[in-house]
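These are the residues of each chain, in order.
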Amino acid sequence: MAAYKLEASYRCDQCGKQNTKRAADVRRAIVCGGGLFCDKVCFGLSRRKWLTDEERIADRKERVRLYGIKRREELADQIKKQKADYFKRTYNPKSAKIERAKRMGWHVAYMREYYKDPVKKAEKVAYDRERRDKAKYGEFWECAPILRELEEDIRGRFPTQYERMKARGYYLTKTKGSNRCLTATM
Ligand SMILES: [Zn+2]
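My aim in this report is to walk through the structure given alongside it, one point at a time. Just so you know, these numbers come straight off a predicted model, no measurement behind them.

Definitions and cut-offs
Residues numbered from 1 in each chain as written. Predicted model: local features only at pLDDT ≥ 70, side-chain atom pairs only at ≥ 80, totals over all residues. Helix = DSSP H or I, 4+ residues; strand = E, 2+ residues; numbered from the N terminus. Rg over C-alpha atoms; globule rule 2.2 N^0.38 Å. Contact = placed C-beta atoms within 7 Å. Pairing = 2+ DSSP bridges. Buried ≥ 20, exposed ≤ 12 C-beta atoms within 10 Å, placed from the backbone. Expected span 1.5 Å × (residues − 1).

Concerning the overall build of the protein
Helices and strands together make up the secondary structure of the protein, namely 11 helices and 2 strands. The order of helices and strands in the protein, counted from the N terminus, is β-β-α-α-α-α-α-α-α-α-α-α-α. Taken over the C-alpha trace, the protein has a radius of gyration of 41 Å; the compact-globule value for 186 residues is 16 Å, which it surpasses by more than 25%. Expressed as a percentage of contacts within the protein between residues at least 6 apart in sequence, the contacts between residues at least 24 apart total 20%.

Comments concerning the pairing of strand S2 (residues 18–22)
Note that strand S1 (residues 7–11) and S2 share 5 bridges and pair antiparallel. In the strand pairing of S2, tyrosine 10 is matched with asparagine 19. Between S1 and S2, which pair antiparallel in sequence order, lie 6 residues; one of them, glycine 16, sits at a positive phi of approximately 85°.

Focus on unusual backbone geometry
Both trends apply: most residues other than glycine have a negative phi, and most peptide bonds are in trans. The phi dihedral of tryptophan 50 falls on the positive side, at around 55°, and the residue is not glycine. In this structure, tryptophan 50 sits in the loop between helix H2 (40–47) and helix H3 (53–74). The exposure class assigned to tryptophan 50 is exposed, which follows from the 7 C-beta atoms found within 10 Å.

Some points on the environment of glutamate 54
Tracing the sequence through the fold places glutamate 54 in helix H3. Given 8 C-beta atoms within 10 Å, glutamate 54 falls into the exposed group. Once the C-alpha coordinates of glutamate 54 and aspartate 153 are considered, the two residues, 99 residues apart in sequence, prove to be 73 Å apart.

What to know about helix H6 (residues 104–115)
Relative to the 16 Å expected for 12 residues at 1.5 Å per residue, H6 spans 16 Å between its end C-alpha atoms, a close match to the ideal helical length. Counted residue by residue, H6 has 0 buried out of 12 residues, so it is predominantly exposed.

Side note on the environment of isoleucine 146
Mapped onto the elements, isoleucine 146 comes out in helix H8 (residues 144–157). Along the chain, isoleucine 146 and histidine 107 lie 39 residues apart, while their C-alpha atoms are 32 Å from each other.

Listed below in structure tokens is the structure:
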């Protein structure tokens, strides 16, 4: 045995058996934190995760799930385009209307519940109004409330059709079975 080849003893990290190895190898394993083993069998066993079948399946599912999230982020633009193409290709207004109608009951119930809160209701009314104004007037949407106020003011200065008809006595002279205004012919 050559003088430089110092032997050092160590315990296997897997089975705990006492072994000897070249001192330099032992030192390197300690410095690098690689672990020391009897042979490839003990090393291989140390690499096992010792999961039950259920744990192994759950572990794999979780890794697949995370990979899916990562991939969808990477391919976001492509996926969006694919979905838009699919929608264009398959959209049928008639069947879509039927599908929407199925959900209408739920929607009405939901909105009734929603409108019970006066704060939420005020917010929703303001939001809807702003959305309609933007759709109708585009970049000038901020002028819409002023226009609305003006229109209401003008309308308020003139009597409505109901008020005009009432002033003419329409509702007083209306006879049973007839919608005609008798005073008009008198
Ligand atoms: Zn061992």
